[in-house]
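Single-letter residue listing:
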Amino acid sequence: MQEMHPYESKHWLAKHIKRFAVLGTCLMPLLLLLAGCTTMAQGGPPLTPASEDISVSGAWVRVVPGGTGSAYMTITNNGGAEDALIGVSTDIASSAMIHRTEVKGGVASMTMVDRLPIPAHGKVELSPGGYHIMLEGLRQQLSPGDEVVLRLRFERAGEVMVRAEVRRQ
Ligand SMILES: [Cu+2]
């Protein structure tokens, strides 16, 4: 190996320190995500979202006879850019979809929503009669008081885990 002058070796070190700093920044979200998973596995304190811009409150699940359920919550975007809910998954159901209930001519129907925009500095409420997350193919019997974990996928914020309480209404 070629011997370096003191100046060159200092320069080399500076360049590599910079590279490590960049690598560290990239790893941070991953580490936070892993920390979140560990917390969940242990049934510890409330799950912290991966992003500070998106917060979810008042999440609950209503179980309907026939093996389906609906999840409701308020999603708040504290950031200065629009985000969007683009997917949901959960271990307790084989499918979780974003739905919207619409009433036309006195008849209520549900349509699937691929992308639910959450405006900058705004919030969107998922509530009975409006937006909801449809849970189909429930894998276990749910009773009031049970807690389920939902994984929400956002365009910008990435994955946000939410605990939801099972309630009758
Ligand atoms: Cu629905």
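Going along each chain's sequence as written, the residues are numbered from 1 onward. Note on the predicted model: pLDDT of at least 70 is required for a residue's local features to be given, and 80 or more for side-chain atom pairs to be given and counted; whole-chain, interface and lining totals, by contrast, use all residues.

1. A few points about the overall build of the chain
Rules: Only DSSP runs of H or I with at least four residues qualify as helices, and only runs of E with at least two residues qualify as strands; both kinds are numbered from the N terminus onward. Comment: burial labels come from other C-beta atoms within 10 Å of the residue's own C-beta, placed from the backbone, where a count of 20 or more is buried, 12 or fewer is exposed, and between is partly exposed. Residues are defined as contacting one another if the C-beta atoms placed from their backbone atoms lie within 7 Å.
Scanning the chain for helices and strands turns up one helix and ten strands. Within the span of the chain, comprising 169 residues, buried residues form 21% of the whole. Once local pairs closer than 6 in sequence are excluded, the contacts in the chain between residues at least 24 apart make up 65%.

2. Quick word on the nonpolar core
Spelled out, the test is: For the purposes of this analysis, a nonpolar core is taken to be any set of buried Ala, Val, Leu, Ile, Met, Phe, Trp, Tyr and Cys residues that are connected through C-beta atoms within 7 Å.
In this structure, Leu150 and Val162 are the most contacted members of the largest nonpolar core, which totals 28 residues. Sorting the residues of this core by element identifies β1 (54-64), β2 (68-77), β3 (83-89), β4 (93-104), β6 (116-118), β8 (131-138), β9 (147-154) and β10 (158-167) as the ones contributing at least two each. Those residues in contact with Leu150 that sit more than four places away from it in its chain are Ala59, Ala71, Val88, Thr90, Ile133, Val162 and Ala164.

3. Comments concerning unusual backbone geometry
Phi at His121 is positive, roughly 50°, even though this residue is not glycine. For His121, the location among the structural elements is in the loop between β6 and β7 (122-126).

4. Describing the pairing of β1
Along a regular strand, successive side chains alternate from one face of the sheet to the other. Applied cut-off: The criterion for strand pairing is that DSSP finds at least two bridges linking the strands in question.
Where β1 lies against β2, nine bridges are found, and the strand directions are antiparallel. Bridge pairing in β2 links Val56 to Ile75. The antiparallel pairing of β1 with β2 creates a hairpin that spans three residues between the two strands, and Gly66 there sits at a positive phi of about 110°. One ladder, built from three bridges, connects β1 with β10; its direction is parallel. Looking at β10, one finds that Val61 is bridged to Val166.

5. Things to note about the environment of Ala157
Along the chain, the position of Ala157 falls in the loop between β9 and β10. Separated by 105 residues in the primary sequence, Ala157 and Glu52 have C-alpha atoms spaced 8.3 Å apart.

6. What to know about the pairing of β9
Across the two faces of β9 the burial differs, with Val148, Leu150, Leu152 and Phe154 buried and Glu147, Val149, Arg151 and Arg153 not buried at all. Pairing of β3 with β9 involves four bridges; the strand directions are antiparallel. Bridge pairing in β9 places Val88 opposite Leu152. Note: β9 against β10, eight bridges, orientation antiparallel.

7. So, the environment of Ala81
Relative to the helices and strands, Ala81 is located in the loop between β2 and β3. With 11 C-beta atoms packed within 10 Å, Ala81 lands in the exposed category. When the C-alpha atoms of Ala81 and His121 are compared, they prove to be 7.9 Å apart, with 40 residues separating the residues in sequence. Apart from residues lying up to four places away in sequence, Ala81 is in contact with Ala120 and Arg156.

Note that all results are geometric; they support no functional claim without further evidence.
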